[in-house]
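The lines below spell out each chain.
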Amino acid sequence: MSKPLIAVTRRLPPACEQRLANHYEARPGRDEGSFSREQLLAHGAGADGLIVTPAEVCDAGLINALPRSIKLISTVSVGYEHIDLDAARQRGLRVTNTPDVLTDATADIALLLLLGASRRATEGDRILREGRWPGLRPTFLLGNQITGKRLGILGMGRIGAAFARRAQACGMQVLYHNRKPAADSAGATYCGSLEYLLAQSDVLSLHAPLTPETKNILNAARLALLPQGAIVINTARGGLVDDDALIAALKSGQVGSAGLDVFAGEPQLHPGYLTLPNVMLLPHLGSATLETRTAMGMLAIDNVDAVIGGREPPHPVA
Ligand code: DGY
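All of these numbers come straight from a predicted model, not from anything done at the bench. (Residues numbered from 1 in each chain as written. Predicted model: local features only at pLDDT ≥ 70, side-chain atom pairs only at ≥ 80, totals over all residues. Heavy atoms only, no water.)

So, about the overall build of the protein. The number of helices and strands found in the protein is eleven helices and twelve strands. Expected size for 318 residues packed as a compact globule is a radius of gyration near 20 Å; at 21 Å, the protein falls within 12% of this value. Taken along the three principal axes of its C-alpha coordinates, the protein extends 75 × 50 × 35 Å. Here the analysis covers contacts within the protein between residues at least 6 apart in sequence; of these, 59% occur between residues at least 24 apart. Summed over its atoms, the accessible surface of the protein is roughly 14,800 Å², and 55% of this surface lies on carbon and sulfur atoms. Computing the positive centroid from 31 side-chain charges and the negative centroid from 30, the protein places the two 2 Å apart. (Helix = DSSP H or I, 4+ residues; strand = E, 2+ residues; numbered from the N terminus. Rg over C-alpha atoms; globule rule 2.2 N^0.38 Å. Contact = heavy atoms within 4.5 Å. Areas by Shrake-Rupley, 256 points an atom, 1.4 Å probe, with all protein chains shown as cover. Lys, Arg positive; Asp, Glu negative; His and termini not counted. Charge placed at Lys NZ, Arg CZ, Asp CG, Glu CD.)

What follows is about the domain arrangement of the protein. Domain annotation for the protein reports domain 1 (5–101 + 290–308) and domain 2 (103–281). Distance between the C-alpha centres of domain 1 and domain 2: 31 Å. Here domain 1 packs against domain 2, burying approximately 520 Å² in sum over the two surfaces, 43% of which is carbon and sulfur. When the area that domain 1 buries against domain 2 is broken down by residue, the three leading residues are Glu 81, Asp 100 and Thr 292, summing to 68%. Inspection of the domain 1/domain 2 interface yields two salt bridges. With a shortest N-O distance of 2.9 Å, Arg 158 and Asp 100 are connected by a salt bridge. Connecting domain 1 to domain 2 are three residue pairs in polar contact (both at pLDDT 80 or more). (Domains from an automatic or database assignment. Buried area = accessible area lost by both parts, 1.4 Å probe. Salt bridge = Lys/Arg side-chain N within 4 Å of Asp/Glu carboxyl O. Polar contact = N/O pair within 3.5 Å; in protein donor to acceptor, adjacent residues only side chain to side chain.)

This next bit is on the nonpolar core. In this structure, Leu 223 and Leu 246 are the most contacted members of the largest nonpolar core, which totals 29 residues. At the level of secondary structure, the elements contributing two or more residues to this core comprise α8 (194–200), β9 (203–206), β10 (230–234), α10 (243–252) and β11 (255–260). Examining the composition of this core, we find that five residues originate from one element, α10, more than from any other. Setting aside residues no more than four positions away along its own chain, Leu 223 makes contact with Leu 218, Val 232, Ala 245, Leu 246, Ala 249, Gln 254 and Val 255. (Core = buried A, V, L, I, M, F, W, Y, C linked by side-chain atoms within 4.5 Å. Buried < 20%, exposed > 50% of the residue type's maximum accessible area, 1.4 Å probe, protein only.)

The buried count for β11 comes to five of six residues, which makes it a mostly enclosed element. Pairing analysis gives five bridges linking β10 to β11, with the strands arranged parallel. Bridge pairing in β11 places Ile 233 opposite Gly 259. With α10 bridging β10 and its parallel neighbour β11, the resulting β-α-β unit is right-handed. Of the pairings in the sheet, the one linking β11 to strand β12 (residues 279–281) comprises three bridges and is parallel in character. (Pairing = 2+ DSSP bridges. Right-handed = clockwise from strand over helix to strand, strands pointing away.)

What follows deals with the pattern of salt bridges. Opposite charge on two side chains permits them to pair, given that their charged atoms come into close proximity. Counted by the stated rule, this structure contains 18 salt bridges. Ionic pairing is found between Glu 56 and Arg 10, a salt bridge with its closest N-O pair at 2.7 Å. Of the two residues, Glu 56 is situated in the loop between β3 (49–52) and α3 (60–65) and Arg 10 in the loop between β1 (5–8) and α1 (14–23); the sequence distance between them amounts to 46 residues. The exposure class assigned to Glu 56 is buried, which follows from its relative accessible area of 1%. Close ionic contact of Arg 150 with Asp 202 constitutes a salt bridge, the shortest N to O distance being 3.3 Å. Separated by 52 residues along the polypeptide, Arg 150 in strand β6 (residues 150–154) and Asp 202 in the loop between α8 and β9 bring together distant segments of the chain. Exposure remark for Arg 150: the relative accessible area of 25% places this residue in the partly exposed category. Through salt bridges with shared partners, one network takes in Arg 19, Asp 302 and Asp 305.

Next up, the structure:
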């Protein structure tokens, strides 16, 4: 009997590709370029399941055009804003994600950006590479101490809590805003009002999902509520931030520095960031460790195994 066909859009870590090859007829992914709708449909032709990433937009038009043979879309990510869940439900397609396993890696990247932005790491690196270091001077490239400062977390989920614990270990006080108090807040103080949280945040870190309600939530009016010179960290989704407003705030000094791992319209980013010295930029590396990406790929395959085997998947979102 022939094996089910699973189409994968992108290359996965070796152990995941090996597992797929052992159990399925696997149509491998490619890492160059983006997939047009036609290319995605052609890639999924005749498949029983599709494994995608946030780089592939699965909107209603695509979902409605997918071959009837496809039973699920398994995304190798915790975020699923790239998939139209209503359209999937209407088609009777299951959609699954890969939560939990990327919590520590993403919280680590938030800490890297916090330290990099507060201690001017990218400026220092550039000065060395360009041969512009004058030598040790007591007033050279002074940054901000994070010890004793207040960290505001917008979106206290698993990653927010893991970052809160890391920040507390660095001596920071942590506050957070969610629609309601979190089950695990890492001992951080709940702020029912986002505006109050912003006014208290020497550092603001974004950990909310991107939804119609959170799109551009960090806009000019809210940036103006931050203490002068605050630091902004984003490891969640670029769409949470109004880029023009953040760039203006970085130029005026209202925001002292920023650390950004995610961007609206990836892999493009607002060109205004590229010329600012006070921003540390990373290319969406939050979950990019071999261990974490392997665990994410394995979870995505667990979801495939369950749906193809007629069972409830471990991580359904639709
Ligand atoms: C996710 O899982 O949503 C991440 O952004 C991908 O690293």
